[in-house]
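Next come the chains, spelled out residue by residue.
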Amino acid sequence: MSFLGVEHSLSARRWVGPSADVERATEVLVQQAGLPRAVCQVLARRGVPAMEAPGFLEPKLKELLPDPRAMKDMETAATRFLTAVRLKQRIAIFADYDVDGGSSAALLLTWLRQMGLQATLYVPDRIDEGYGPNVPAMQELAAAHDLIICVDCGTLSHEPIAAAKGADVIVLDHHLGGETLPDCVAVVNPNRQDESGDLGYFCAAAVVFLMLVEAGRQLREAGAKGPDLIAMLDLVALATVADVAPLIGANRALVRQGLKVMAQRQRPGLVALSDVARMDSAPNSYHLGFMLGPRVNAGGRIGQADLGARLLSTDSTHEAEALSQRLDELNTERRDIENAVRAAAMEQAEERGLDAPLVWAAGEGWHPGVVGIVASRLKETANRPAIVIGLDGDEGKGSGRSVTGVDLGASIQRLAAEGLLVKGGGHKMAAGLTVMRDQLEPAMERLSELLAKQGAGQTGPADLKLEGTLMPGAATVDLIEQIEKAGPFGASAPAPRYAFPDLQVRFAKRVGDSHLKLSLSDGVGAGLDAIAFGAFDGPMGERLTNHGGARFHFAGRLEVNTWGGRQTVQLRLEDAAEAI
C-alpha cells in the first residue's frame, strides 16, 4: 500500500512508508531504549533491537575492527613491508586514480614518512594507461625499487606483476578476484575467491589500514613503535564514503571516528580542500561523498592522475592550497564535460529504451573520466544497471554502475572470460571494461542476458522509502542532531527520508542550470526552506515552479544549513506529489 496515497509521484515513483513490523519495533525501542522517536525509527528500519542500541549509536573500533590476520596473506604482507622499512629498501606505491586509490596511497606515504622513509608514488594515466598495473610501468618501477605495493588494483594483473622482475610485489585491493591470483609476495583482498566474503564490504583504504594495524602489532612484538594510526582514519573515512562502500559493520566505526579526526583539521590537504569547497560546518558523510570526493577524483578523471594522492599525503600547507585550487578548477571542468556526455547518453539510452535489463550508451570521444558518473545517472533514472562507453578508434572504454541485488562485476568478468571484452572487472555495484568497437553490440546484448538472469529489468522506478511524516514546525536543528546519532549515513545505510504532507509553495526560484530553491508553508504559520538539485532534469522543476496554487506532498532529507554562523533547517527535496 502506498504512503499518503502516492502511487505515481512527479518522478513517477510510488511512496512507501514503514511496514507494520517496523512501526511495532519503533514503539518497542521508544519504550525500552528511551530514545527519541526519530532515532528509534532509524534503528527499527535497521533491525537494531533495544539491547544493541547503545552499541549501534556509539560504534567502537576496538569492538568492531576485525583481526587483520583474518584475511589471507595479511601477516606475510606486513612482514615484507616491515622488512623493507627496516632495511631502508626502495619502495614504490602503484595506486588507482580514484579517491580510494589516492587515500590508500596517502596512508602508506604518510606512515612511511613518519618512519623516516620516502616512497615513490605512481598513478597511471586514465586515458594513456588505463586502470591498474601495466607491463611498461611495472618494469620501470621494478628496475629502480625493491618493493612495489599495488593499492586498489592488481588482483587481476597477472602479466604486469609477472613483468616486475627483480622486485617483490604486494597487492592490497578489494576488487573481485579471479580463479587464480598473480604470482607475488601477497594478495590481501577480502574479495579473493578463497575468502569467506565476510569482510567484502571494505574499500581498499580499509584493507591498507588493516595492514598497517598488523604492521603495528609486529612492531610492538619486536619492542618498537609505529605511527599513530587513529590520526589516519580521516583518509579511511573519505575513501569508504567516496567509494560507496556499505556503511555496515566496522565501516560505521571507521567513518564515525574518521569524521572526528577530520574535524580536528590536522591534515593540510583535507583542510585546504574543505576550505576550497566552502565547507562551513563539521564534516559529515555528505561532505565526503559530494564535496570532497568529487574534487579529489577530478585529477584522475580529466587532469593529472596523481593530484589527489599528492594532496592527501602532503605535509605542506602551501602545496596543499595549490593542489586544492587546481583540483577545484578541474572539478568545475569535469562537471561541464559530464553534462554534455550525460545529455547525449540519456538521449541515446531513451531511444534504445529504459525498460531493458541493461541501460547503455556509447559515443565517439566521450571522456573516459566521466563515463562512470554518467552511468550512475542513467542507473538512477532507470533503476537498472547502466554502462556508458567512450569510443576512440577501434576500442571503447566504459564504466558501469549497478542496482542492489545485481552483481555487475561478476557479469563483466564472465563477459571477459567469454572473449567479448578485451578486459573487465570490478565489484558488485561498479565495474570497468574495454571492448572492441565491432564487439560492442554483441557484448552489450550478452551482458543484458546475464543481468536479466539476476533479476535486472523486472522492476519499474524504485519505490521511495519514507520513515514517516513530519510537519514544518517539527523540523528543527535539534531533531537533525538527534537523527545524526544513528549515522553515519550512506551506502546501505540511507539517511532517513520524511514526507511533509499538504504544503503550499510560497516561493520557487530556479538556481543554476537545473536546481530549484523553494519556500514551503503549511498555511498556518510554519514554513520550511527546500532545495531540489536537478529538479529541471525531470518534470518536477516545471510543475513546482508553475504550481498554480496547488498543494503538494514533499519528500526528502533534512539537513542543517550553516550561513554566516547561523544554523537553519533545509529540506533536500527528492520528490513531490500533488496532494489530492
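Higher on the page you've got the structure.
What counts and what doesn't
- Residues numbered from 1 in each chain as written.
- Predicted model: local features only at pLDDT ≥ 70, side-chain atom pairs only at ≥ 80, totals over all residues.
- Heavy atoms only, no water.
- Helix = DSSP H or I, 4+ residues; strand = E, 2+ residues; numbered from the N terminus.
- Buried < 20%, exposed > 50% of the residue type's maximum accessible area, 1.4 Å probe, protein only.
- Contact = heavy atoms within 4.5 Å.
- Areas by Shrake-Rupley, 256 points an atom, 1.4 Å probe, with all protein chains shown as cover.
- Lys, Arg positive; Asp, Glu negative; His and termini not counted.
- Charge placed at Lys NZ, Arg CZ, Asp CG, Glu CD.
- Expected span 1.5 Å × (residues − 1).
- Polar contact = N/O pair within 3.5 Å; in protein donor to acceptor, adjacent residues only side chain to side chain.
- 1 Å grid on protein atoms, 1.4 Å probe; cavity = no way out; pocket = protein on both sides within 12 Å on 5 of 7 lines; lining within 4 Å.
- Points joined across faces, edges and corners; volume = space filled by probe spheres on them.
- Nonpolar A, V, L, I, M, F, W, Y, C, P; charged D, E, K, R; others polar.
- Phe/Tyr/Trp six-rings, centres within 6.5 Å; stacked < 30°, edge-to-face > 60°.
- Lys NZ or Arg CZ within 6 Å of the ring centre and 35° of its normal.
- Disulfide = S-S within 2.5 Å.
- Axes fitted to C-alpha atoms, helices over the stretch in contact; angles between N-to-C directions.
- Parallel < 35°, antiparallel > 145°, perpendicular 65-115°, else oblique.
- Core = buried A, V, L, I, M, F, W, Y, C linked by side-chain atoms within 4.5 Å.

Structural notes on the overall build of the protein chain
Here's step 1: Across its full length, the protein chain holds 20 helices and 18 strands.
Here's step 2: By its C-alpha atoms, the protein chain is 75 × 60 × 45 Å across when sized along the principal axes.
Here's step 3: Among the 580 residues that make up the protein chain, the fraction classed as buried is 56%.
Here's step 4: Counting only contacts in the protein chain whose residues sit at least 6 apart along the sequence, the fraction spanning at least 24 positions is 65%.
Here's step 5: Put simply, the protein chain shows about 24500 Å² of open surface, and 50% of that area lies on carbon and sulfur atoms.
Here's step 6: Between the averaged position of the 58 positive side-chain charges in the protein chain and that of its 73 negative side-chain charges there is a distance of 5 Å.

Section: helix α6 (residues 99–114)
Here's step 1: Between its first and last C-alpha atoms α6 spans 22 Å; for 16 residues at 1.5 Å apiece the expected length is 22 Å, and the two agree.
Here's step 2: Within α6, 14 of the 16 residues are buried, which leaves it mostly tucked inside the rest of the structure.
Here's step 3: Where α6 begins, the side chain of Asp98 points an oxygen toward the backbone nitrogen of Asp100, at a separation of 3.2 Å.
Here's step 4: Count one or two residues on from α6 and you reach Gly116, which has phi positive near 85 degrees.

Topic: unusual backbone geometry
For residues that are not glycine, phi is negative in most cases, and the peptide bond is trans in most cases.
Here's step 1: A cis amide bond links Gly487 with the next residue in sequence, Pro488, at an omega value of 5 degrees.
Here's step 2: Structurally, Pro488 can be placed in the loop between α19 (477–484) and β14 (498–511).
Here's step 3: At Asp152, a residue that is not glycine, the phi angle is positive and equals roughly 60 degrees.

With respect to the environment of Asp336
Here's step 1: Among the secondary structure elements, Asp336 is positioned in helix α15 (residues 317–352).
Here's step 2: A relative accessible area of 53% places Asp336 in the exposed class.
Here's step 3: Considered as a pair, Asp336 and Arg86 are 250 residues apart in the sequence and their alpha carbons are 48 Å apart.

Comments concerning empty space enclosed by the protein
Here's step 1: In total, this model carries two cavities of 30 Å³ or more according to the counting rule given.
Here's step 2: Estimates place the volume of the largest cavity at around 40 Å³.
Here's step 3: Considering the residues around the largest cavity, the lining is formed by Asp96, Tyr97, Asp98, Gly102, Val123, Val296, Ala305, Asp306, Gly308 and Ala309.
Here's step 4: Taken together, the residues that form the lining of the largest cavity break down as five nonpolar, two polar and three charged.
Here's step 5: Along the walls of the second largest cavity sit Pro18, Val22, Glu23, Thr26, Gln41 and Glu467, which together make up its complete lining.
Here's step 6: Broken down by element, the lining of the second largest cavity gets its largest block of residues, three residues, from helix α1 (residues 20–33).
Here's step 7: Grouping the constituent residues of the lining of the second largest cavity by class yields two nonpolar, two polar and two charged.

Details of the packing of aromatic side chains
Here's step 1: Within this structure, the stated rule accounts for five aromatic pairs.
Here's step 2: When the ring of Phe81 is compared with that of Trp111, the centres are 5.1 Å apart and the planes differ by 50 degrees; the resulting orientation is tilted. Of this pair, Phe81 sits in helix α5 (residues 74–86) while Trp111 sits in helix α6; the two residues are 30 residues apart in sequence, bridging distant segments of the chain. Grouping residues by exposure puts Phe81 and Trp111 together as buried.
Here's step 3: The interplanar angle of 25 degrees and the centroid separation of 5.2 Å between the aromatic rings of Phe94 and Tyr122 together place this pair among those described as stacked. Placement of the pair is Phe94 in strand β2 (residues 91–95) and Tyr122 in strand β3 (residues 120–122), with a sequence separation of 28 residues.
Here's step 4: Accessibility expressed as a relative area gives 0% for Phe94, which makes it buried.
Here's step 5: For the cation-ring pair, Arg352 lies above Trp360, with the distance from its terminal atom to the ring centre recorded as 3.6 Å.
Here's step 6: When the ring centre of Phe536 is taken as reference, the NZ or CZ atom of Arg510 above it lies at 3.9 Å.

Concerning the state of the cysteines
Here's step 1: In this structure the tally under the stated criterion is zero disulfides.
Here's step 2: With no disulfide of its own, Cys150 lies 5.0 Å from the sulfur of Cys153, the closest cysteine sulfur.
Here's step 3: Exposure remark for Cys150: the relative accessible area of 0% places this residue in the buried category.

Describing the packing of helix α13 (residues 285–302) against α15
Here's step 1: Where α13 meets α15, the closest approach of the two axes is 8 Å, and the angle between their N-to-C directions is 70 degrees. One element, α13, and the other, α15, form an angle in the roughly perpendicular class. Mapping the contact onto sequence places Pro294, Arg295, Val296, Ala298, Gly299, Arg301 and Ile302 in α13 and Leu327, Asp328, Leu330, Asn331, Glu333, Arg334 and Ile337 in α15.

Things to note about the nonpolar core
Here's step 1: Grouped together as the largest cluster of nonpolar side chains are 84 residues, with contacts concentrated most on Phe81 and Trp111.
Here's step 2: If one sorts the elements of this core by residue count, helix α9 (residues 204–221) sits on top with 10 residues.
Here's step 3: The contacts of Phe81, once residues within four sequence positions are left out, are Leu108, Trp111, Leu112, Leu147, Ile149, Ile170, Met211, Leu212 and Ala215.
Here's step 4: In this structure, Leu43, Phe500, Leu544 and Ala576 belong to the second largest nonpolar core, which totals 43 residues.

No statement about biological role is implied by the geometric values presented.
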